[in-house]
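# Coordinate inspection notes
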Amino acid sequence: GRNHAFNGALVRAVTAFKRRHPSRAMRVLDIGSGSGLLAMMAARAGADVVHSLEMVPALAAAAKHIVDVNGYSDRVTIHSIMSTDLDPEAIGGKFDLLVCEIVDDLLLGESVLTTVADARRRLLKPEATIIPQGGAIWALAVEMLPPSPEGLDLAVLHELNCCTALSANPNVSCKLQHHEGCYRRLAAPVRLLRFD
């Protein structure tokens, strides 16, 4: 779902830019290359130049290979560098669009706010689009249930079950999609925080 949402946002942003600036080449900055997926999506959507930054050298090397295999190396360049160390003039100037998927399960744990603030100040043109444009944190009250091995109901052991999926540490999260059938919703989801 996340990749589909990013792709749709990139297509809309690139299309809108091309409509407003039909004779200008669109420059995209991707912070946190990972596999190079978002950079390739931006190129596929019509971006003319995409620079993608990955601070982990092994991931940057893998992303370069993936971009080449998929035929986008003519428009996508992967750099093994942190965005805070990038001089935009060294790679052709500031950017029209920033895309970054440097959010974690807790939304703000990978320094996304400071990274985007730095990019906005130093790397982007004043009217640049930023994807994503905001975020929200939701809470869901659940009861963790004992597993049902081999489809047999062991619910009577629930009081003795020690679920290792959750932790009292506030920086550890549980991906409920990995625990289907092992929890029961106790209420509707509640939005805790939304920001632009």
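A quick note: this is a predicted structure, and the numbers were derived from the prediction, not measured.

### Points about the nonpolar core
A general tendency of soluble globular proteins is for nonpolar side chains to be buried together. With 25 residues, the main nonpolar core has Val28, Val50, Val76, Leu97, Val99 and Ile131 as its most contacted residues. Of all the secondary structure elements, the ones that give two or more residues to this core are helix H1 (2–20), helix H2 (37–45), helix H3 (57–69), strand E3 (76–79) and strand E4 (95–100). Every residue in contact with Val99, bar those within four places of it in the chain, is listed here: Phe6, Leu10, Val28, Leu29, Asp30, Ile31, Leu38 and Ile131. Ranked by size, the runner-up nonpolar core spans 17 residues in total, among them Leu53, Leu86, Phe95 and Ile130.

### Describing unusual backbone geometry
A cis amide bond, omega 5 degrees, links Ile131 with the succeeding residue Pro132. The residue Pro132 is located in the loop between strand E5 (124–131) and strand E6 (135–139) in this model.

### Side note on the pairing of E4
With six of six residues buried, E4 lies mostly within the body of the structure. As judged from the four bridges shared by strand E1 (residues 27–31) and E4, these two strands associate in the parallel manner. Bridging across to E4, Ile31 finds its partner in Cys100.

### Quick look at the packing of H1 against H2
Where H1 meets H2, the axes come as close as 9 Å, and the angle between the chain directions of the two elements is 35 degrees. Here H1 runs over H2; the crossing is right-handed. Of the residues in H2, those in contact with Asn3, Phe6, Asn7, Leu10, Val11 and Val14 of H1 are Leu37, Leu38, Met41, Ala42, Arg44 and Ala45. Class assignment of the residues belonging to the contact of H1 with H2 gives a composition of nine nonpolar, two polar and one charged.

### A short note on the pairing of strand E2 (residues 49–53)
Across the five residues of E2, four count as buried, placing the element largely inside the fold. For the segment spanning E1, H2 and E2, crossover handedness is right-handed. Crossover handedness for the path E2 to H3 to E3: right-handed.

### Some words on the pattern of salt bridges
Under the defined criterion, the tally for this structure stands at eight salt bridges. In this structure, Arg2 engages Glu101 in a salt bridge whose closest nitrogen and oxygen atoms are separated by 2.1 Å. On the criterion of sequence distance, the pair formed by Arg2 in helix H1 and Glu101 in the loop between E4 and helix H4 (112–122) is long-range, its members being 99 residues apart. Here Arg184 ties to Glu143 by a salt bridge, and the two come within 2.6 Å at their closest N and O atoms. One end of the pair, Arg184, is in strand E8 (residues 183–185); the other, Glu143, is in strand E7 (residues 142–144), with 41 residues separating them in the sequence. A residue is classified by how much of its surface remains accessible, and Arg184, at 45% relative accessible area, is partly exposed.

### Notes on the environment of His79
By the element assignment, His79 lies in strand E3. Those residues in contact with His79 that lie beyond four places of it in its chain are His51, Ser52, Leu53, Glu54 and Ile91. Within the structure, His79 has its side chain in polar contact with the side chain of His51 (distance 2.7 Å).

Rules used in this analysis
Residues numbered from 1 in each chain as written. Predicted model: local features only at pLDDT ≥ 70, side-chain atom pairs only at ≥ 80, totals over all residues. Heavy atoms only, no water. Core = buried A, V, L, I, M, F, W, Y, C linked by side-chain atoms within 4.5 Å. Buried < 20%, exposed > 50% of the residue type's maximum accessible area, 1.4 Å probe, protein only. Helix = DSSP H or I, 4+ residues; strand = E, 2+ residues; numbered from the N terminus. Contact = heavy atoms within 4.5 Å. Pairing = 2+ DSSP bridges. Axes fitted to C-alpha atoms, helices over the stretch in contact; angles between N-to-C directions. Left-handed = near helix turned anticlockwise from the far one by under 90°. Nonpolar A, V, L, I, M, F, W, Y, C, P; charged D, E, K, R; others polar. Right-handed = clockwise from strand over helix to strand, strands pointing away. Salt bridge = Lys/Arg side-chain N within 4 Å of Asp/Glu carboxyl O. Polar contact = N/O pair within 3.5 Å; in protein donor to acceptor, adjacent residues only side chain to side chain.

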